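Chain by chain, the residues run as shown.
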Amino acid sequence: MSVIGIDFGNESCYVAVAKAGGIETIANDYSLRATPSCVAFTGNTRTLGVAAKNQQVTNLRNTVCGFKHFLGRKFKDPVVQNELQSTLYRVEERPDGSVGIRVDYMGEEQVFTPEQITAMLLTKLKVDATSELKTQIYDCVITVPSYFTNAERKALLDAAGIAGLNCLRLINETTATALNYGFYKQDLPEPEEKSRNVVFVDFGHSAIQVSACAFNKGKLKMLAATSDLVGGRDVDMMLAEHFRKEFMTKYKLDPRSNKKSFLRLLTEVEKLKKQMSANSTKLPLNIECFMNDVDVQSSIQRVDMEELCKNLFQRIEDVMKRCLRDSKLTLDEIHSVEIVGGSSRIPAVKHLIEQIFGKTSSTTINQDEAVSRGGALQCA
Ligand code: ATP
Ligand code: MG
């Protein structure tokens, strides 16, 4: 019987398993390694993962995405209130002050808890892993952000329980990444030697986590971990706001006035953002029949994005500097800086790493799968 490691991300989940001395990432029913953290309801059916994400634009009210930060929090919590600014489905306060997610399902309106929604997603991961591995799955290790409180951890454990998964342990995403790094390094110092200090920067969809870790053969020690709730989605939001202002003057259209249009804009700017990571030239934005049958056109380049996101990058700089300070390491004592998380592909983040740590960032571990693979290793 296999134990799976689950990276429950705000945008997507990855599942890995320890097998025959190595670690394998498990593909879902679409043969993709990333399963969108998305749960949708239509009529009497529940759609999960890739299929749920694919129908989001035509079923906004009943497609639940980005619910990781609702777990274990009260509705009035500032983090929840902040999430609601970009949430396209119905979220409300339940009588006990907790978060309720209202959807149309089975011919009536139903209110689910974030734990229930998370459980539906975990069930999907379990089913996909079961069919891929051709064995029953009960046990898992789930990774959580290092900043998750006890209440958030408890809520995730409850979700695993509802999904029929026996969560052997919750481990911090930072620890999982470090475990994954250490596992493949044959040349770590002996236990009595000076340790190798590595900094990990995980810049994801909803948060950045920076950690400093000391490695010796068979041993790892977390020296410091800092974080901030700033992620790739904030870059998307900045870009969307930029184009919104432009379209309001140029076309007299406000993308915020229509949720579907705003989602289309967000989807397009995310694509642009990814292109900007590889390309510093001017890139076009064209959306046909955007609103009121109007086709919209514009363009943007990397430097414009960097200017728009100055405040976000300042926060990222602060998190990195705090980790360096907390770790009490001098720059000479840092062996390397490893980057993980989708948003760590943004060149400005790599530049910040060079500025602060005086080293080019390394990608010796898989940027997208490191966390889930570390989770799988924990129970190997
Ligand atoms: P979290 O860790 O916050 O829970 P997550 O683990 O789901 O979220 P990741 O999968 O690490 O997040 O990263 C997703 C983010 O990475 C998205 O915002 C996506 O737009 C961004 N991203 C992916 N590829 C690129 C790229 N080439 N350039 C810039 N951003 C990218
Ligand atoms: Mg992540």
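Numbering of residues starts from 1 in every chain and runs along the sequence as written. Here every chain gets a letter starting at A, and every ligand a number starting at 1, in the order they are written. Where totals are concerned, whole chains, interfaces and linings use all residues; where local detail is concerned, this predicted model gives features only for residues with pLDDT of at least 70, and gives and counts side-chain atom pairs only at 80 or more. Based on all heavy atoms of the structure, the side-chain values leave hydrogens and waters out of the count.

## Considering the pairing of strand E15 (residues 219-228)
Strand pairing requires that DSSP identify at least two bridges connecting the strands. Secondary structure elements are defined from DSSP: runs of H or I of at least 4 residues count as helices, runs of E of at least 2 residues count as strands, and each element is numbered from the N terminus. Judged from the nine bridges that link them, strand E14 (residues 208-216) and E15 form a sheet pairing that is antiparallel. For Gln209, the partnering residue across the bridge sits in E15 and is Ser227. Linking E14 back to E15 in an antiparallel pair, the connection comprises two residues, with Gly218 at a positive phi of about 70°.

## What about the packing of helix H9 (residues 310-327) against helix H10 (residues 347-357)?
Relative to each other, H9 and H10 sit at 35°, their axes nearing to 10 Å. Judged by the twist between their axes, the crossing of H9 over H10 is right-handed. Counting all contacts with H9, which are made through Phe313, Ile316, Glu317, Met320, Lys321 and Leu324, the residues of H10 involved are Ala348, Val349, Leu352, Ile353, Ile356 and Phe357. The convention used is that axes are lines fitted to C-alpha atoms, helices contributing only their stretch in contact, and that angles between N-to-C directions extend from 0 to 180 degrees. By convention the crossing between two helices is left-handed if the near helix lies anticlockwise of the far one by an angle smaller than a right angle, and right-handed if it lies clockwise. Contact between two residues is taken to exist if any of their heavy atoms lie within 4.5 Å; hydrogens are not considered.

## Some details on the confidence of the model for the chain
Chain-level statistics for the chain give a pLDDT mean of 97 and a share of 100% at 70 or above. For this predicted complex, the interface confidence comes out at an ipTM of 0.99, alongside a pTM of 0.97. One number per residue, pLDDT, summarises how confident the predictor is, and it ranges from 0 to 100.

## Quick look at helix H5 (residues 173-184)
What a helix is expected to span follows from its residue count: subtract one and scale by 1.5 Å. The end-to-end C-alpha distance of H5, which contains twelve residues, comes to 17 Å, matching closely the 16 Å that a straight helix rising 1.5 Å per residue would cover. Three exposure classes are used, based on accessible area relative to the maximum for each residue type with a 1.4 Å probe and protein chains only: buried under 20%, partly exposed in between, and exposed over 50%. For H5, the complete set of buried residues consists of Glu173, Thr174, Ala176, Thr177, Ala178, Asn180, Tyr181 and Gly182.

## Overview of the sheet that holds strand E13 (residues 196-203)
One open sheet accounts for four strands, arranged E15-E14-E13-E18; its pairing is mixed. Unpaired on one side and paired on the other, E15 and strand E18 (334-340) mark the two borders of the sheet. Adjacent strand axes in the sheet meet at a mean angle of 20° when their direction is disregarded. Taken strand by strand, H9 contacts E13, E14, E15 and E18, and its axis lies near 145° from that of E15. Its contacts with the sheet put H10 on E13 and E18, and the angle it makes with E18 is roughly 165°.

## Considerations on the pattern of salt bridges
In what follows, salt bridge is the name for a side-chain nitrogen of Lys or Arg lying within 4 Å of a carboxyl oxygen of Asp or Glu. This model, assessed by the stated rule, comprises 28 salt bridges. The partner of Glu109 in a salt bridge is Arg90, and the shortest N-O contact between them spans 3.6 Å. Taken together, the residues span a long stretch of sequence, with Glu109 in strand E10 (residues 108-112) and Arg90 in strand E8 (residues 90-93) at a distance of 19 residues. The buried category is assigned to Arg90, whose relative accessible area is 16%. For Lys217, the salt bridge identified is with Glu190, shortest N-O distance 3.1 Å. Of this pair, Lys217 sits in the loop between E14 and E15 while Glu190 sits in the loop between H5 and E13; the two residues are 27 residues apart in sequence, bridging distant segments of the chain. Connected through salt bridges with shared partners, the residues Arg90, Glu92, Arg102, Asp104 and Glu109 form a single ionic network.

## Focus on the site of ligand 1
A molecule or strand has a residue near it when one of that residue's heavy atoms lies within 4 Å. Taken together, the neighbourhood of ligand 1 is formed by 20 residues, with Asn10, Lys68, Ser206, Glu270 and Ser277 sitting nearest. One of the backbone N or O atoms of Gly342 is found 2.9 Å from an oxygen atom in ligand 1. Starting from 650 Å² of accessible surface for ligand 1 in isolation, the protein chains cover 90%. At the level of secondary structure, the elements contributing two or more residues to the shell around ligand 1 comprise helix H6 (232-250) and helix H7 (259-278). The element best represented in the shell around ligand 1 is H7, accounting for four residues. For this classification, Asp, Glu, Lys and Arg are treated as charged, while Ala, Val, Leu, Ile, Met, Phe, Trp, Tyr, Cys and Pro are nonpolar and the rest, including Gly, are polar. Residue composition of the shell around ligand 1, grouped by class: two nonpolar, eleven polar and seven charged. Pairing of N or O atoms within 3.5 Å defines a polar contact, subject to two protein rules: one partner must be a possible hydrogen donor and the other a possible acceptor, and residues neighboring in sequence count only if both atoms are side-chain atoms. We get accessible surface area from the Shrake-Rupley algorithm with a probe of 1.4 Å; when it comes to residues, only the shown protein chains can shield them.

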